[in-house]
Amino acid sequence: MMDEHLDLFREEAYELLAELETSLLELEETPDDAAIIGRVFRALHTIKGSGSMVGFDEIATFTHQVETAFDLVRDGKLTVTKELVGVTLLAKDWIRATLDTSVGGGPGDTQKEQAILTSLSELVLAATPVRQPAGAPPDQPSDPLTYSIYFRPASNIFINGTNPLCLLDELAQLGDCQVAAHSEAIPPLAEIDPEACYTYWDITLTTRQGLDAIKDVFIFVEDDCELTIEVTDTAPYTGGKIDQPHIEEKRKAAPSLNRDGAAQPKQQAAPSASSIRVPAEKLDWLVNLVGELVTVQASLSQTVASQNITGLTSIVEEIERLSGELRDVTLNIRMIPIGTTFSQFKRLVHDLSHKLGKEVKMITEGAETGLDKTVIERLNDPLVHLIRNSIDHGIESPEVRQAAGKPRQGTIHLSAVHAGANVLIQVKDDGAGLDVDAIRARAVEKGLVEAEAELSEAELFALIFAPGFSTAGQVTDVSGRGVGLDVVRGAITAMQGSIDIASQPGWGTTITLKLPLTLAIIDGLLVNVGQENFVLPLLAVEECVELTSEDVAQAHGRHLADVRGEVVPYIRLRDQFKINGQPPAIEQIVITQVENRRIGLVVDQVIGEHQTVIKTLSRAYRKVEEIAGATILGNGTVALILDISKLVQAADSVERAALEKALCRSEQF
Amino acid sequence: MSVTKITQVRPYLTFKLGDEVFAQDVGQVREVLEVPAITKVPHAPDFMCGVINLRGNVVPVVDLRLMLGMSKSQPTIDTCIVVTEVMSEGETMVLGTLVDAVQEVFELEPEQIEPVPRLGMKLRTEFIQGMGKHNEHFLIILDIDKIFSPDELELFQETAEFSPIVEPAEAAVAVQG
């Protein structure tokens, strides 16, 4: 039970922290925006509140300090500075780290905590010359007031994990507090429901803190209780026994006010009920089941079509339509907006540009673009690399930019847009652009290309994604080790995506990633070689042409095909996969586009398009790299999905090895 | 003398590989199947027969005879697949083993199981848990987890990789776009 709440709190807190970060970064740009300040304050307040409720006392106390500072900001007593935003971001990181490591109230990194709090209170003290400790709330009414509070929690209050006694303790901290519990409503033992709350309380509180402070105590339960708070006396409460009938009377006079007070928060809470939180595994399960359904439906369609049973055909068509719709809807459920990832990058840009002494702002577009959650998860690292690279290598220092007549502040434009079954993600900077000569020189130095090789601009640009490549003169801890970009290419091609680079010297670089919307189901091209079926990702396929035995004879045994005047090398899948049997007289070449190269794959037959539900190949086969996965065909057999870029790499290395062997042999003779 | 690893009375499934009778703990057996269409996976070693569709899941199939160092099995009407759960790197992995014929399930007392003789087995003895005796016949109890440990599977795969398949004459062409 408690674990559930912890998890729930964690999840909620992570979301709040992400929101906090976004708001802070926005606040840095527009420091006076009251709406954003309000958002920051609310996020902090909620973390504090629910944190203390589930026992993260350390986080609660810490957050309280930060919240206090923002309370000052809200009241206009403290202005938002870069330093304040910086410290608060660090504080956010601390909370996050503590959440990650502690199981509930365990010790966090106290050293860091102290450092953050000290710099925070320094900032607060500097801004408020009035002698006031950092931890104290601002607008204290000078005279203490006595409040009479009637608190009757709903009987199901325990179900959402609230402990009313904690609330009473919290009240007691505000000032002199007298609590009287009412036990009249408790039924006889036989009828008692141990999970229900029957007790209610009358509280008399004398405090210097305002009404807001008291309301804040009840902020999380106000929908689930009857609550009245009123001022009874301006004079300090002197203690003594609570006069029972007196309170009773007060309460009777109060109900109309009470109802009015309760109605409002209820209305606010209503919209949240329209969406529900579902664990990701359940969705994965659903997607798997739908995948199986689609497979079975395909085999049903095939069987019915071959037997031509009247009456059944229309039913099967209906099932086909429904399962298609079900598939689309299911996949759509897993789509989440890419915006959550984008906001993390704002932080990255903020931190990195400070570190490198550059002025960079990031503009994002299309944050609402939906992508499968697995794609988003796997997209994170590649995007981090690309953005780091843009800031480190692309955007110049402010002085250089000014000299070139550009604004001091560089811009990184991050956008996402749907294009058919794909999504295009663009990282665009207005920096120096790629230096074609430097790339060539570096590539030659690294032995990636021949010195006299003639390469198109696109081929040269593609070299920056080669392993071990880096044009940065010096290695920084940000980038320049040459490990980043080939990792990017690996990750993108593993997702069946592609990378496109455009660059103009002096104007900047644009890197476009093209990715499938989902990794669960892809459009494939079904082909066969001998008895074996294979699926190629349709995204990579450009066209299919015939390969006759004359063509083979004309090429003198070389694996080159003439496709409308262009020479395209090809790989024979039959040879590559050692499939026995005689190829047909006319074979088919499927022309694919892999990393800006056109490569043909020779197969016996092209069967057609196939909605491919991707199944992972067992771990027993993880060493077989050319196979990206498997899928189940309509007839119930398994077909393998090819990873074309891995296949080309493997063919490359086999051919190179054979060539070297041949060279050795010729030297011997 | 009994085998220290085996301390409880356990049911065993017996099956034949050639003329010999083998046994494995029933706890790890999920089901026994007729042999469906097997899709070969390229570049995999010979003992990895390929993958099958097991109600929507892709499950690898292994030729147990080849794994144990016996000759390749010829399919007969009795040939079937024992679907087995193996613990590997802390996760359960499901795989099918191709056997010549499945026989029966019965219980063996720990006393009925003897350690493997060091000599004379003509089999990879590290895969064998012990020798059982049933109806005056010997049966070989296999250590399934060991047979399908990642080490074994990977070791085999590495040796099977990279045999040059392109003829030198053809190799003179560089695949460069």
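**A word on the pattern of salt bridges**
Piece 1. Evaluation of the coordinates by the stated rule reveals 29 salt bridges over all chains.
Piece 2. Notably, a salt bridge pairs A:Asp93 with A:Lys92, separated by 3.5 Å at the nearest N-O pair.
Piece 3. Classification of A:Asp93 as partly exposed rests on a relative accessible area of 29%.
Piece 4. A salt bridge links B:Glu85 to B:Arg30; the nearest nitrogen and oxygen atoms lie 2.7 Å apart. On the criterion of sequence distance, the pair formed by B:Glu85 in strand E6 (residues 80-88) and B:Arg30 in strand E3 (residues 29-34) is long-range, its members being 55 residues apart.

**So, the pairing of strand E9 (residues 422-429) of chain A**
Piece 1. Here strand E8 (residues 410-419) of chain A pairs with E9(A) via 8 bridges, running antiparallel. Across the sheet, the residue bridging to A:Ala419 is A:Asn422, located in E9(A).

**Some remarks on the nonpolar core**
Piece 1. Residues B:Leu68 and B:Leu142 are the most contacted members of the largest nonpolar core, which totals 62 residues.
Piece 2. Looking at this core, the element that brings in the most residues is helix H20 (residues 644-668) of chain A, giving 4 residues.
Piece 3. With 46 residues, the next largest nonpolar core counts A:Leu371, A:Leu379, A:Val488 and A:Leu519 among its residues.

**Digging into unusual backbone geometry**
All names here are of chain A.
Piece 1. We note that Arg 564 has phi near 45°; this positive angle belongs to a residue other than glycine.
Piece 2. As for its position among the elements, Arg 564 is in the loop between strand E15 (560-563) and strand E16 (566-572).
Piece 3. On the accessibility criterion, Arg 564 (68% relative accessible area) is exposed.

**Quick look at the side chain of A:Glu28**
All names here are of chain A.
Piece 1. Looking at the secondary structure, you find Glu 28 in helix H1 (residues 2-29).
Piece 2. Classification of Glu 28 as buried rests on a relative accessible area of 17%.
Piece 3. The contact partners of Glu 28, leaving out residues within four places of it in the chain, are Lys 82, Val 85, His 350 and His 354.

**Section: the sheet that holds strand E4 (residues 48-54) of chain B**
Residue and element names in this part refer to chain B.
Piece 1. The strand order across the open sheet built from 5 strands is E3-E6-E7-E5-E4, with neighbouring strands paired in mixed fashion. Each edge of the open sheet carries a strand with a single partner, namely E3 and E4. Pairs of neighbouring strands in the sheet enclose a mean axial angle of 35°, with direction left out of account.
Piece 2. Of the strand pairs in this sheet, strand E5 (residues 57-63) and strand E7 (residues 91-99) are connected by 3 bridges, and their pairing is parallel. Paired with Val 61 across the two strands is Gly 96, which belongs to E7.

**Some remarks on the pairing of E4(B)**
Residues and elements named next belong to chain B.
Piece 1. Counting buried positions along E4 gives 6 out of 7 residues, so the element sits mostly inside the fold.
Piece 2. When E4 meets E5, the two strands line up antiparallel, connected through 6 bridges. Of the residues in E5, the one forming a bridge with Val 51 is Pro 60.
Piece 3. Taking the residues between adjacent antiparallel strands as the criterion, E4 and E5 are bridged by 2 residues, where Arg 55 takes a positive phi near 45°.

**Things to note about the confidence of the model for chain A**
When pLDDT drops low, the exact placement of atoms in the prediction is not to be read closely.
Residues and elements named next belong to chain A.
Piece 1. Per-residue pLDDT for chain A has a mean of 78; in total, 86% of the residues score no lower than 70.
Piece 2. Confidence, read as mean pLDDT per element, is least for helix H9 (residues 255-269) in chain A (42) and greatest for strand E21 (residues 638-642) (91).
Piece 3. Considering only residues more than four positions removed or in separate chains, one finds that residues 130-141, a stretch of pLDDT under 50, has 20 contacts.
Piece 4. Contacts for the low-pLDDT stretch residues 477-482, under 50 throughout, to residues beyond four places or in other chains number 21 contacts.

**Some words on the confidence of the model for chain B**
Piece 1. Here chain B shows a mean pLDDT of 79. Residues at 70 or above account for 82%.
Piece 2. Mean pLDDT in chain B bottoms out at helix H3 (residues 150-160) of chain B, which sits at 56, and peaks at E3(B), which reaches 92.

**Structural notes on a negative patch on the surface**
Piece 1. Taken together, the side chains of A:Asp169, A:Glu170, A:Asp212 and A:Asp216 present a region of like negative charge at the surface.
Piece 2. Breaking the negative patch down by element, the ones donating at least two residues are helix H6 (164-174) and helix H7 (211-217) of chain A.

**So, the environment of A:Glu292**
Piece 1. Residue placement: A:Glu292 occurs in helix H10 (residues 280-307).
Piece 2. For the pair formed by A:Glu292 and A:Ile632, sequence separation is 340 residues and the distance between their alpha carbons is 8.7 Å.

**Considering a nonpolar patch on the surface**
Residue and element names in this part refer to chain A.
Piece 1. A surface patch of nonpolar side chains, about 360 Å² in accessible area, is lined by Leu 300, Ile 309, Leu 312, Ile 315 and Ile 319.
Piece 2. The element best represented in the nonpolar patch is helix H11 (residues 312-333), accounting for 3 residues.
Piece 3. Structurally, Leu 312 can be placed in helix H11.
Piece 4. For Leu 312, a relative accessible area of 32% puts it in the partly exposed group.

Thresholds applied
Residues numbered from 1 in each chain as written. Chains lettered and ligands numbered in written order. Predicted model: local features only at pLDDT ≥ 70, side-chain atom pairs only at ≥ 80, totals over all residues. Heavy atoms only, no water. Salt bridge = Lys/Arg side-chain N within 4 Å of Asp/Glu carboxyl O. Buried < 20%, exposed > 50% of the residue type's maximum accessible area, 1.4 Å probe, protein only. Helix = DSSP H or I, 4+ residues; strand = E, 2+ residues; numbered from the N terminus. Pairing = 2+ DSSP bridges. Core = buried A, V, L, I, M, F, W, Y, C linked by side-chain atoms within 4.5 Å. Contact = heavy atoms within 4.5 Å. Axes fitted to C-alpha atoms, helices over the stretch in contact; angles between N-to-C directions. pLDDT = per-residue confidence, 0-100. Patch = residues over 30% accessible without salt bridge, like charges linked within 9 Å, V, L, I, M, F, W, Y side chains within 5 Å. Areas by Shrake-Rupley, 256 points an atom, 1.4 Å probe, with all protein chains shown as cover. Lys, Arg positive; Asp, Glu negative; His and termini not counted. Charge placed at Lys NZ, Arg CZ, Asp CG, Glu CD.

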